[in-house]
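Close look at the chain arrangement
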Amino acid sequence: MTSVVILTGSPGSEKTTIARTLVAESPQGLHLVSDKYCEFISHRMNPTQPKSGHQNTVVMHSLASSVRTFAEGGYRVYLDGVIGP
């Protein structure tokens, strides 16, 4: 398995900028943006609300599965996003 780099922090903390810079320097680099996974849900809830627990869990499991699949495929994954809760 190739490495996984997790870039997390509060919104606006330059995670995406850093990930883009790092992936550009990595021949097998892959930039995965966690926010995109929430966009797949047509009637998504605000992920900060207590009632969004199930949605958040499913999104995080989906994200983790994707990270693992890409890493096992030989990519160096740069995961960008607010990870949690």
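See the structure shown above.
1. What to know about the nonpolar core
Membership of the largest hydrophobic core is limited to nine residues, which are Leu 30, Leu 32, Tyr 37, Val 59, Leu 63, Val 67, Ala 71, Val 77 and Leu 79. Residue assignment for this core shows that the elements contributing at least two residues are strand 2 (29-33), helix 3 (53-72) and strand 3 (76-80). Counting residues per element, this core draws most heavily on helix 3, which supplies four residues. Leaving out residues up to four positions away in the same chain, Val 77 has contacts with Ser 3, Val 4, Val 5, Leu 30, Leu 32, Val 67, Phe 70 and Ala 71.

2. Some points on a nonpolar patch on the surface
A surface patch of nonpolar side chains, amounting to about 240 Å² of accessible area, comprises Val 4, Ile 6 and Ile 83. For Val 4, the location among the structural elements is in strand 1 (residues 4-7). When its relative accessible area of 35% is taken as the criterion, Val 4 is described as partly exposed.

Analysis parameters
Residues numbered from 1 in each chain as written. Predicted model: local features only at pLDDT ≥ 70, side-chain atom pairs only at ≥ 80, totals over all residues. Heavy atoms only, no water. Core = buried A, V, L, I, M, F, W, Y, C linked by side-chain atoms within 4.5 Å. Buried < 20%, exposed > 50% of the residue type's maximum accessible area, 1.4 Å probe, protein only. Helix = DSSP H or I, 4+ residues; strand = E, 2+ residues; numbered from the N terminus. Contact = heavy atoms within 4.5 Å. Patch = residues over 30% accessible without salt bridge, like charges linked within 9 Å, V, L, I, M, F, W, Y side chains within 5 Å. Areas by Shrake-Rupley, 256 points an atom, 1.4 Å probe, with all protein chains shown as cover. Salt bridge = Lys/Arg side-chain N within 4 Å of Asp/Glu carboxyl O.

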